[in-house]
Amino acid sequence: MSSFANDAAVRAGTRGAPRSRTAAGLGLAVLSAVSFGMSGALAGGLLDTGWSPGAIVLVRMGLAALVVVPFGLRALGGRWGLLRRNARLVVTYGLLAVAAAQFCFFAAVSYMPVAPALLIEYTAPAAVVGWLWLRHDQRPGPVTVLGAVLAAGGLVLVLGVLAGADVSLPGVAWSLGAMVGAASYFVISADEDNGLPPLVLAGGGLVVGTVALGLLGLTGLLPMRAGTAATAYADRAVAWWVPLVVLGLVTAALAYTTGIGAGRRLGSRLASFVALLEVLAAVGFAWLLLGQLPGPAQLLGGLLILAGVVAVKLGERTAVRPEPVCA
């Protein structure tokens, strides 16, 4: 082969590597979003058989911790001082971003369908922008404000306020609690100055969340109801342990690890956009497994919320983009 041909092959390989990396990242991001989106429908079936939200979340996080922690320990590589310096951050992440977010969401779907509960939770990016504005004086731009307005309008349609629908106030309250947990997840995960590998943060958070909910259950402050009755999905009976295993291994362990892999390959911006597929996946699984399909107004509201979140993300990225440095 000539020297020219060799150079051409090298250039083609150089161009192909980033493309293959991006393609792999997109695949991981989609897998993560679909895995997370399955959780609401699976939990809904267990709630119908008498399981409490606390018991579902405890089992889900415990199984996920068993899978993720070994990978976290490997990523830590014996740097225990790094973990001790960030102990408060790991505890906060475990209590808010893991335990509170999941428990509040499962509590919400015990009062209202999966889709509107998840759509309310996914107003979290707008809450993050508000937090950055109030706490760090990062004033949102016009695109961000437009996104917040779209999301607010979509929320009104999802809740059916204009149509005079009965709004489940407990369901809305729990969904807003899940939104706070999700917003905490975005804020803490975006901090790269602590030096913690993502798998260490995820594994530590899962352990903290599991221990916290377990202690609340032992003291009786958090109801822990479980059962062995068969669970019905799509009019078919399934053994009670099947959705629990899928919740722990697929919708938590697999979802967290593939999400981290996607973030490393795509960057936080693109990965967060692809993560919006979780909402669509949740609507699809709620329809297939539980027969819950939002009405036309709710579907329109969901699209407005998604459009608002995308606009908020775009506006947030534009606002924090650094000025170019002149040579």
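Predicted, not measured: the structure shown is a model, and the values here were computed from it.

Conventions used here
- Residues numbered from 1 in each chain as written.
- Predicted model: local features only at pLDDT ≥ 70, side-chain atom pairs only at ≥ 80, totals over all residues.
- Heavy atoms only, no water.
- Helix = DSSP H or I, 4+ residues; strand = E, 2+ residues; numbered from the N terminus.
- Buried < 20%, exposed > 50% of the residue type's maximum accessible area, 1.4 Å probe, protein only.
- Contact = heavy atoms within 4.5 Å.
- Areas by Shrake-Rupley, 256 points an atom, 1.4 Å probe, with all protein chains shown as cover.
- Axes fitted to C-alpha atoms, helices over the stretch in contact; angles between N-to-C directions.
- Parallel < 35°, antiparallel > 145°, perpendicular 65-115°, else oblique.
- Left-handed = near helix turned anticlockwise from the far one by under 90°.
- Nonpolar A, V, L, I, M, F, W, Y, C, P; charged D, E, K, R; others polar.
- Core = buried A, V, L, I, M, F, W, Y, C linked by side-chain atoms within 4.5 Å.
- Phe/Tyr/Trp six-rings, centres within 6.5 Å; stacked < 30°, edge-to-face > 60°.
- Patch = residues over 30% accessible without salt bridge, like charges linked within 9 Å, V, L, I, M, F, W, Y side chains within 5 Å.
- Salt bridge = Lys/Arg side-chain N within 4 Å of Asp/Glu carboxyl O.
- Polar contact = N/O pair within 3.5 Å; in protein donor to acceptor, adjacent residues only side chain to side chain.

Q: Go over the overall build of the protein chain with me, naming the residues and quoting the values.
A: Broken down by element type, the protein chain carries 14 helices and two strands. The proportion of buried residues among the 327 residues of the protein chain is 42%. Across the protein chain, the fraction of contacts at a sequence separation of at least 24, relative to all contacts at a separation of at least 6, is 88%. A total accessible area of about 16600 Å² is found for the protein chain, and carbon and sulfur atoms account for 68% of it.

Q: Lay out the packing of helix α5 (residues 87-108) against helix α9 (residues 169-189) in plain terms, naming residues and giving numbers.
A: Taken N-terminus to C-terminus, the directions of α5 and α9 make an angle of 150 degrees; their axes are 7 Å apart at the nearest point. When the axes of α5 and α9 are compared, the pair comes out roughly antiparallel. Viewed along their axes, α5 and α9 form a crossing whose handedness is left-handed. Here L89, T92, Y93, L96, A97, A101, F103, C104, F105, A107 and A108 of α5 come into contact with α9, specifically with G171, W174, S175, G177, A178, G181, A182, S184, Y185, I188 and S189. The residue makeup of the contact of α5 with α9, split by class, is 15 nonpolar, seven polar and no charged.

Q: Give me the lowdown on the nonpolar core, citing residues and values where you can.
A: When a protein is soluble and globular, its nonpolar side chains tend to lie buried together. Ranked by internal contacts, the top residues of the largest apolar core, which has 63 residues, are I56, F105 and L206. In terms of residue count, the dominant contributor to this core is α5 (11 residues). Core analysis: the next-biggest nonpolar cluster, separate from the first, contains five residues, A124, V128, M179 and A182 among them.

Q: Please set out the packing of aromatic side chains residue by residue, giving values where relevant.
A: Evaluated as defined, the whole model comprises three aromatic pairs. Geometrically, the ring pair formed by W51 and W240 is stacked, given 6.4 Å between the ring centres and 25 degrees between the ring planes. Placement of the pair is W51 in the loop between α2 (39-48) and α3 (53-76) and W240 in the loop between β2 (236-238) and α11 (241-266), with a sequence separation of 189 residues. With 5.8 Å between their ring centres and 45 degrees between their planes, F105 and F106 make a pair best called tilted.

Q: Would you mind going over a nonpolar patch on the surface in detail, with residue names and values included?
A: A surface patch of nonpolar side chains, about 570 Å² in accessible area, is lined by L66, V67, F71, W241, V245 and L249. Elements with a contribution of two residues or more to the nonpolar patch: α3 and α11. Looking at the secondary structure, you find L66 in helix α3.

Q: Quick one: what's the story with unusual backbone geometry, residue by residue and with numbers?
A: In the Ramachandran plot, A234 falls in the positive-phi region, its phi being about 55 degrees despite a non-glycine side chain. Following the sequence through the fold, A234 ends up in the loop between β1 (231-233) and β2. Since its relative accessible area comes to 42%, A234 is described here as partly exposed. Here the phi dihedral of D235 falls at roughly 65 degrees; this positive angle occurs in a residue that is not glycine. Owing to a relative accessible area of 82%, D235 belongs among the exposed residues under this scheme.

Q: Lay out α2 with the relevant residues and their values.
A: With nine of 10 residues buried, α2 is to be regarded as a mostly interior element. Those residues of α2 not exposed but buried are S39, G40, A41, L42, A43, G44, G45, L46 and L47. After α2 finishes, the residue G50 shows a positive phi value of roughly 105 degrees.

Q: Residue-level account of the packing of α2 against helix α13 (residues 277-290), with values.
A: Packed helices, taken two at a time, are described by the angle their axes make and the gap between the axes. It is the contact of α2 with α13, at a shortest axis distance of 8 Å, that shows an interaxial angle of 35 degrees. For the pair α2 and α13, the contacting residues are A41, L42, G44 and G45 in the first and F285, A286, L289 and L290 in the second. Here the contact of α2 with α13 is built from residues that sort into six nonpolar, two polar and no charged.

Q: Pulling in residues and values, what's your account of the environment of G153?
A: Inspection of the secondary structure assignment puts G153 in helix α8 (residues 142-159). A C-alpha to C-alpha distance of 7.7 Å links G153 and I305, two positions 152 residues apart in sequence.

Q: I'd like to hear about the side chain of T251, residue by residue, with values.
A: Following the sequence through the fold, T251 ends up in helix α11. For T251, the side chain forms a polar contact with the main-chain oxygen of L247, separated by 2.5 Å. Not counting residues up to four positions away in its chain, the partners in contact with T251 are S35, F36, M38, S39, L42, R60 and V246.

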